[in-house]
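Structural description and commentary
Next come the chains, spelled out residue by residue.
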Amino acid sequence: MITKFNIIKSLFFLISLISPLFGQSANEVLEIALDRSLALNNSYYKFIIESEIESPLLPMTGELFNKGEKYFINTKAIDQIYDGENIFTIVHENQEIIVGNSDISLFSFTPNHIFNFFLEDYLLDINSSSREHIITAKNRNEDNIIYFISIDSSNYSIKKIEMKDLISDKIINTFLTLTYDYNLTVPLSLFKFDIQEYNNYILVQ
């Protein structure tokens, strides 16, 4: 027989599981998400980036493979490889390969980039549910732009990032995860640049 005591006991158990979820600050959620992304063996995002601002690169659909800080981004127009030391940006239309260090990146939407970006210079607020954390991020020195970062509550992956212009009250840029997976079997060569794969491309350093 289900007694009143058992029901109350079950409710307290559920509350004890849910309470830590809602008690986390925005900084704590981003730091956990950053740690988990770096600790994963291999993670994979299929994404789309859309913008209300006209751009020859957008909308952009692509794939991101991540291993710790190393990554490989594959899109139709541009690929990018970070081998842990240098970033190689492969521009297919111009047949150019631009070599830079980790401080210079055309694409700044790997988990490592995103979480560090918002942890450094942004005022953060959070609204959590059992399914996702919605973090509001506002630059300390910028009045017109605000970001909404959606983090999956179960695995701390990025679901969506929206950039909103407060003057027009419109979402102007959106990063959306279409597919996410991790602990995949990925060849290490994916995170290494090989000039032999790019015949007739110009190397720019």
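Report follows, based on the coordinates. (Residues numbered from 1 in each chain as written. Predicted model: local features only at pLDDT ≥ 70, side-chain atom pairs only at ≥ 80, totals over all residues. Heavy atoms only, no water.)

Turning next to the packing of aromatic side chains. Inspection of the entire model under this criterion finds 15 aromatic pairs. On the numbers, 4.3 Å between centres and 5° between planes, the contact of Phe88 with Phe193 is stacked. Here Phe88 is found in strand E5 (residues 86–91), whereas its partner Phe193 is found in the loop between strand E11 (170–182) and strand E12 (202–204), with 105 residues between them in sequence. What links up through ring pairs into an aromatic cluster is the set Phe88, Phe193, Tyr198 and Tyr201. (Phe/Tyr/Trp six-rings, centres within 6.5 Å; stacked < 30°, edge-to-face > 60°. Helix = DSSP H or I, 4+ residues; strand = E, 2+ residues; numbered from the N terminus.)

The next thing to look at is the pairing of strand E8 (residues 132–139). Here E8 shows a clear split, with His133, Ile135, Ala137 and Asn139 buried on one side and none of Glu132, Ile134, Thr136 and Lys138 buried on the other. Where strand E7 (residues 122–128) folds back on E8, the antiparallel hairpin that results is connected by 3 residues. The pairing of E8 with strand E9 (residues 145–152) spans 7 bridges and is classified as antiparallel. For Ile134, the partnering residue across the bridge sits in E9 and is Ser150. Where E8 hands over to E9, the hairpin turn is made up of 5 residues, counted between the paired strands. (Buried < 20%, exposed > 50% of the residue type's maximum accessible area, 1.4 Å probe, protein only. Pairing = 2+ DSSP bridges.)

A few words now on a nonpolar patch on the surface. Side chains of Ile98, Ile202 and Val204 sit close together on the surface and give an oily, nonpolar patch of about 230 Å² of accessible area. Inspection of the secondary structure assignment puts Ile98 in strand E6 (residues 96–101). (Patch = residues over 30% accessible without salt bridge, like charges linked within 9 Å, V, L, I, M, F, W, Y side chains within 5 Å. Areas by Shrake-Rupley, 256 points an atom, 1.4 Å probe, with all protein chains shown as cover. Salt bridge = Lys/Arg side-chain N within 4 Å of Asp/Glu carboxyl O.)

Moving on: the side chain of Thr174. As for its placement among the helices and strands, Thr174 is situated in strand E11. If we ignore the near neighbours within four places in the chain, the residues touching Thr174 are Ile48, Ile49, Glu50, Lys160, Ile161 and Glu162. (Contact = heavy atoms within 4.5 Å.)

In this model, the second largest pocket occupies a volume close to 200 Å³. Pro56, Leu57, Pro59, Met60, Thr61, Thr75, Lys76, Ala77, Ile78, Val91, Glu93 and Asn94 are the residues that line the second largest pocket. (1 Å grid on protein atoms, 1.4 Å probe; cavity = no way out; pocket = protein on both sides within 12 Å on 5 of 7 lines; lining within 4 Å. Points joined across faces, edges and corners; volume = space filled by probe spheres on them.)

Here the focus is the packing of helix H2 (residues 26–39) against helix H3 (residues 111–121). Put simply, H2 and H3 touch, their axes get as near as 9 Å, and they point 155° apart. Considering the angle they form, H2 stands roughly antiparallel to H3. With respect to the hand of their crossing, H2 and H3 are arranged in left-handed fashion. On H3, the residues touching Asn27, Leu30, Glu31, Ala33, Leu34, Ser37 and Leu38 of H2 are Pro111, Asn112, Phe115, Asn116, Phe118 and Leu119. Split by residue class, the contact of H2 with H3 holds 8 nonpolar, 4 polar and 1 charged. (Axes fitted to C-alpha atoms, helices over the stretch in contact; angles between N-to-C directions. Parallel < 35°, antiparallel > 145°, perpendicular 65-115°, else oblique. Left-handed = near helix turned anticlockwise from the far one by under 90°. Nonpolar A, V, L, I, M, F, W, Y, C, P; charged D, E, K, R; others polar.)

Let us look at H2. For H2, which comprises 14 residues, the first-to-last C-alpha distance of 20 Å matches the rise-based estimate of 20 Å (1.5 Å per residue) to within 8%. Of the positions making up H2, those classed as buried are Ala26, Val29, Leu30, Ala33, Leu34 and Ser37. Relative to the axis of H2, the buried residues are bounded by an arc of 135° and lie together on one face. Projecting away from the buried face of H2 at angles above 90 degrees are the exposed residues Asp35 and Ala39. Buried residues in H2 make contact with strand E2 (60–67), H3, E7, E8 and E9. (Expected span 1.5 Å × (residues − 1). Arc of directions from axis to C-beta.)

Further remarks concern the environment of Ala33. Locating Ala33 in the fold gives a position in helix H2. Residue Ala33 is classed as buried on the basis of its relative accessible area of 1%. In this structure, the C-alpha to C-alpha distance between Ala33 and Asp152, residues 119 residues apart in sequence, is 9.4 Å. Not counting chain neighbours up to four residues away, the residues in contact with Ala33 comprise Phe115 and Tyr156.

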